[in-house]
Amino acid sequence: QFIPSIPAQTSGNVKNELIPSDTTAFSLYSDSLSDLGHNLDPQRIVIAIENHGGSLIGEASSDWNIDPISNNVLWETMIYFFGMSGAPAMAKYKLDASGWIERTRMDQRKIIVSNFDLLF
């Protein structure tokens, strides 16, 4: 998610498509990861490792706090991932993915990524 999030808005492009809200864009990005075969369920990883003799020692959530100025390389990398995976998902719903990326680049905001750490 971006902090702060921006709501949907019309793009004003030739097709007059809707630029999705940040919430919608990130939801579609998450869905696209599942569609592409990414595992988003930490429990599946635990089961797989335990089935091969490993033991879970600890687990915890750890949000990544990615600032566009102090962590610019990581911020740009995340924007690249959002564009490459999220844009096709947005296009399915006739949303203006390039407008969303453009708005994101013009109004750079902190990205918060929910992460879950597993220690074996």
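Residues numbered from 1 in each chain as written. Predicted model: local features only at pLDDT ≥ 70, side-chain atom pairs only at ≥ 80, totals over all residues. Heavy atoms only, no water.

## Considering the packing of helix 1 (residues 22-35) against helix 3 (residues 72-92)
Put simply, the rule is: Axis geometry follows a simple rule: fit a line to the C-alpha atoms, using only the stretch in contact for helices, then measure angles between N-to-C directions, giving values from 0 to 180 degrees. By definition, any uninterrupted DSSP run of H or I lasting at least four residues is a helix, any uninterrupted run of E lasting at least two residues is a strand, and each is numbered from the N terminus. Put simply, angles under 35 degrees are roughly parallel, angles over 145 are roughly antiparallel, angles from 65 to 115 are roughly perpendicular, and the rest are oblique. For this analysis, residues touch if any pair of their heavy atoms sits within 4.5 Å.
Where helix 1 meets helix 3, the axes come as close as 8 Å, and the angle between the chain directions of the two elements is 100°. Between helix 1 and helix 3, the crossing angle belongs to the class labelled roughly perpendicular. Along its contact with helix 1, which presents Ala25, Phe26, Leu28, Tyr29, Ser32, Leu33 and Asp35, the element helix 3 presents Phe81, Phe82, Ser85, Gly86, Ala89, Met90 and Lys92.

## Points about the environment of Trp75
Condition: The buried label applies to any residue whose accessible area, calculated with a 1.4 Å probe on protein chains only, is under 20% of its type's maximum; exposed applies above 50%, and partly exposed to all values in between.
Among the secondary structure elements, Trp75 is positioned in helix 3. What makes Trp75 buried here is its relative accessible area of 0%. Between the C-alpha atoms of Trp75 and Ile49, which are 26 residues apart in sequence, the distance is 31 Å. Not counting residues within four places of it along the chain, the set of residues in contact with Trp75 comprises Phe2, Ile66, Asp67, Pro68, Thr104, Arg105, Gln108, Arg109 and Ile111.

## Considerations on the pattern of salt bridges
Proximity of charged atoms lets side chains of opposite charge pair with each other. Put simply, the rule is: Think of a salt bridge as a Lys or Arg side-chain nitrogen and an Asp or Glu carboxyl oxygen that are within 4 Å of each other.
Across all of its chains, the model carries four salt bridges by this definition. The partner of Arg105 in a salt bridge is Glu76, with the nearest N and O atoms 2.5 Å apart. Here Glu76 lies in helix 3 and Arg105 lies in helix 4 (residues 97-106), a separation of 29 residues in the sequence. Two residues, Asp107 and Arg109, come together in a salt bridge whose shortest N-O distance is 3.7 Å. On the basis of relative accessibility, which here comes to 36%, the residue Asp107 falls in the partly exposed class.

## Observations regarding the packing of aromatic side chains
Basically, it comes down to this: Aromatic pairing here means that ring centres of Phe, Tyr or Trp (its six-membered ring) are within 6.5 Å. Orientation follows from the plane angle: under 30 degrees is stacked, over 60 is edge-to-face, and everything else is tilted.
Considering all chains together, one arrives at seven aromatic pairs under this definition. An aromatic cluster is built from Phe2, Phe26, Tyr29, Phe82 and Trp100, whose rings are joined through pairwise contacts.

## Digging into the sheet that holds strand 5 (residues 64-66)
Using the following cut-off: When DSSP finds at least two bridges between two strands, those strands are taken to pair.
Pairing is antiparallel across the open sheet formed by three strands, whose spatial order is 1-6-5. The strands lining the two open edges of the sheet, one partner per strand, are strand 1 (2-3) and strand 5. Sheet topology places strand 1 next to strand 6 (residues 110-113); two bridges connect them, and they run antiparallel. Looking across to strand 6, one finds that Phe2 is bridged to Ile111. Those strands touched by helix 3 are strand 1, strand 5 and strand 6, and its axis lies near 70° from that of strand 6.

## Focus: the nonpolar core
For the record, the criterion: Nine residue types can take part in a nonpolar core, namely buried Ala, Val, Leu, Ile, Met, Phe, Trp, Tyr and Cys, and a core is a set of them joined through side-chain atoms within 4.5 Å.
In this structure, Phe2, Ile79, Phe82, Met90, Trp100 and Ile111 are the most contacted members of the largest nonpolar core, which totals 20 residues. Of all the secondary structure elements, the ones that give two or more residues to this core are helix 1, helix 3, helix 4 and strand 6. Excluding residues within four positions of it along the chain, Ile79 makes contact with Phe2, Ile101, Thr104, Arg105 and Ile111.

## Points about the packing of helix 3 against helix 4
How two helices pack is summed up by the angle between their axes together with the distance between the axes. Here is the rule: Should the near helix be turned anticlockwise from the far one by less than a right angle, the crossing is left-handed, and should it be turned clockwise, the crossing is right-handed. Only Asp, Glu, Lys and Arg are considered charged, only Ala, Val, Leu, Ile, Met, Phe, Trp, Tyr, Cys and Pro nonpolar, and every remaining residue, Gly among them, polar.
Contact geometry for helix 3 and helix 4: axes closest at 9 Å, N-to-C directions at 160°. By the angle class used here, helix 3 and helix 4 are roughly antiparallel. For the element pair helix 3 and helix 4, the recorded crossing hand is right-handed. Each of Trp75, Glu76, Ile79, Phe82, Gly83, Ala87 and Met90 in helix 3 lies in contact with helix 4, whose residues at this interface are Ala97, Trp100, Ile101, Thr104 and Arg105. Here the contact of helix 3 with helix 4 is built from residues that sort into eight nonpolar, two polar and two charged.

None of the figures reported here should be taken as evidence of function without further support.
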